[in-house]
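Per-entry structural report
Each chain, letter by letter, is given below.
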Amino acid sequence: MTLELVLVTGMSGSGKSVALRALEDTGYFCVDNLPPELLQDFVALELKQSARRVAIAMDVRSATALPLVPEQLRTLQAQGIEVQPLFLDATTDTLVRRFSETRRRHPLSTTTAEAGLDQQRALVEAIELERELLADLRENAHVIDSSVLRPAQLQAYVKALLSTPPGQLNLVFESFAFKRGIPVDADYVFDVRMLPNPHYEPELRELTGLDGPVAEYLAQSPEVEQMYGHIAGFLSHWLGPLDRNHRSYVTVAIGCTGGQHRSVYLVERLATHFAGRWTTHKRHREIGAV
């Protein structure tokens, strides 16, 4: 039986511990803050013990050794181990707020504090330094934006992502509101704000794109059908090459003004359309549905 290894990395305060708990709930043997120098020896030990599902969390506290990790992961993959890297991220404003609310100290705050910066600026500087140090890990992982996710939503999302067999391309469709920012985990972003807006129909305003009356309203619009066709055509053309390039996850974000009607409707249709060929996941950021 092949060993499945999930590597959880990401920004401090982005929810790595929440993700690790979700993995533990689904049967993974979890280790937090493993030094990168011990990764290969640890995996070898788990193989001897016939382990099947292992999750490891690493963070910027091991900054000096983190550059070793990408090559280590390639070595493990060459040995036949199914490696699934996850990177937890959030906007800088969100991370600043979380650290301020919990009064926790950022792991790199000592470095920036030595420069004589005020507390708020020192925290921002520490976060940006952390982004630089983790850039290579982020580039080679599936990114999860936890900026507006509650812990329960993040746990459900992680469980859904890892419920599919490893080695398959996972296509993640996500609806969002532009007024709350573009998801930082998106590989492709489509703006559908120019389409007819159900918000201005009194009987549809409180509903969402998951509701039949909204779906019927949007399905009658030639512009909506044209946008759907263009997005589906683009993805149909490029998902094959992405899969052949060994991409494990592709996140497609569809945005409208409020993230309630148009983007939700298109995410639902696109996920249904591509489910016949690819493993698909849906996430509606503004209405809390996964």
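Our subject is the structure that appears above.
These notes cover the structure that comes with them. (Residues numbered from 1 in each chain as written. Predicted model: local features only at pLDDT ≥ 70, side-chain atom pairs only at ≥ 80, totals over all residues. Heavy atoms only, no water.)

Quick look at the overall build of the protein now. Of regular secondary structure, the protein possesses eleven helices and nine strands. Relative to its length of 290 residues, the protein is compact, with a C-alpha radius of gyration of 20 Å against a globular reference of 19 Å. In terms of principal-axis extent, the alpha carbons of the protein reach across some 60 × 50 × 30 Å. Expressed as a percentage of its 290 residues, the buried residues of the protein come to 50%. Long-range contacts, defined here as pairs at least 24 residues apart, represent 79% of the contacts in the protein between residues at least 6 apart. For the protein, the distance from the average site of its 29 positive side-chain charges to the average site of its 36 negative ones is 2 Å. (Helix = DSSP H or I, 4+ residues; strand = E, 2+ residues; numbered from the N terminus. Rg over C-alpha atoms; globule rule 2.2 N^0.38 Å. Buried < 20%, exposed > 50% of the residue type's maximum accessible area, 1.4 Å probe, protein only. Contact = heavy atoms within 4.5 Å. Lys, Arg positive; Asp, Glu negative; His and termini not counted. Charge placed at Lys NZ, Arg CZ, Asp CG, Glu CD.)

Take the nonpolar core next. Ranked by size, the top nonpolar core spans 30 residues in total, and within it Leu5, Leu39, Ile56 and Leu76 carry the most contacts. Elements that contribute at least two residues to this core include exactly strand E1 (4-10), helix H2 (39-48), strand E3 (53-57), helix H3 (69-78), strand E4 (82-89), helix H4 (92-102) and helix H6 (119-133). One finds Leu171, Leu204, Ile254 and Leu266 within the second-largest nonpolar core, a separate group that totals 28 residues. (Core = buried A, V, L, I, M, F, W, Y, C linked by side-chain atoms within 4.5 Å.)

All right, on to the sheet that holds strand E9 (residues 279-284) then. As summarised here, the arrangement of the four strands in space is E7-E8-E6-E9, forming an open sheet in which the pairing is parallel. In this open sheet, the two strands that pair with only one neighbour each are strand E7 (188-191) and E9. Pairs of neighbouring strands in the sheet enclose a mean axial angle of 20°, with direction left out of account. The pairing of E7 with strand E8 (residues 249-256) spans four bridges and is classified as parallel. Directly across from Val189, in E8, lies its bridge partner Ala253. Of the strands in this sheet, strand E6 (170-177), E7 and E8 touch helix H10 (residues 222-244), which is tilted by about 170° from E7. (Pairing = 2+ DSSP bridges. Axes fitted to C-alpha atoms, helices over the stretch in contact; angles between N-to-C directions.)

Here we come to the sheet that holds E3. The sheet built from five strands is open, its strands ordered E2-E3-E1-E4-E5 with parallel pairing. Pairing within the sheet leaves two strands with one partner each, and these edge strands are strand E2 (29-32) and strand E5 (142-145). For this sheet, the mean inter-axis angle between neighbouring strands, taken without regard to orientation, is 20°. Pairing analysis gives four bridges linking E2 to E3, with the strands arranged parallel. Note that in E3 the partner of Asp32 across the bridge is Ala57. In the packing of helix H1 (residues 16-25) onto the sheet, contacts are made with E1, E2, E3 and E4, and the angle to E1 comes to roughly 165°.

This next bit is on the packing of H2 against H3. Where H2 contacts H3, the two axes come as close as 10 Å, and the packing angle between them is 25°. As the angle between them shows, H2 and H3 are arranged roughly parallel. Crossing of H2 against H3: the hand is right-handed. Contacts from Leu39, Gln40 and Val43 of H2 reach H3 at Gln72, Leu73, Thr75 and Leu76. (Parallel < 35°, antiparallel > 145°, perpendicular 65-115°, else oblique. Left-handed = near helix turned anticlockwise from the far one by under 90°.)

Okay, the packing of aromatic side chains next. In total, this model carries five aromatic pairs according to the counting rule given. On the numbers, 4.9 Å between centres and 55° between planes, the contact of Phe176 with Phe178 is tilted. In this structure, Phe176 and Phe178 share a single accessibility class: buried. An aromatic cluster is defined as three or more aromatic residues linked by ring pairs; in this entry it consists of Tyr188, Phe190 and Phe234. (Phe/Tyr/Trp six-rings, centres within 6.5 Å; stacked < 30°, edge-to-face > 60°.)

Moving on, we come to the packing of H1 against helix H8 (residues 151-161). The geometry of H1 relative to H8 is characterised by a closest axis approach of 9 Å and an angle of 50° between their N-to-C directions. It follows that H1 is oblique to H8 by the angle criterion. Pair H1 / H8 crosses with right-handed handedness. Residues Val18, Ala19, Arg21, Ala22, Leu23 and Asp25 of H1 form the contact with H8, whose participating residues are Pro151, Leu154, Gln155, Val158 and Lys159. A breakdown of the residues in the contact of H1 with H8 according to their chemical character gives seven nonpolar, one polar and three charged. (Nonpolar A, V, L, I, M, F, W, Y, C, P; charged D, E, K, R; others polar.)

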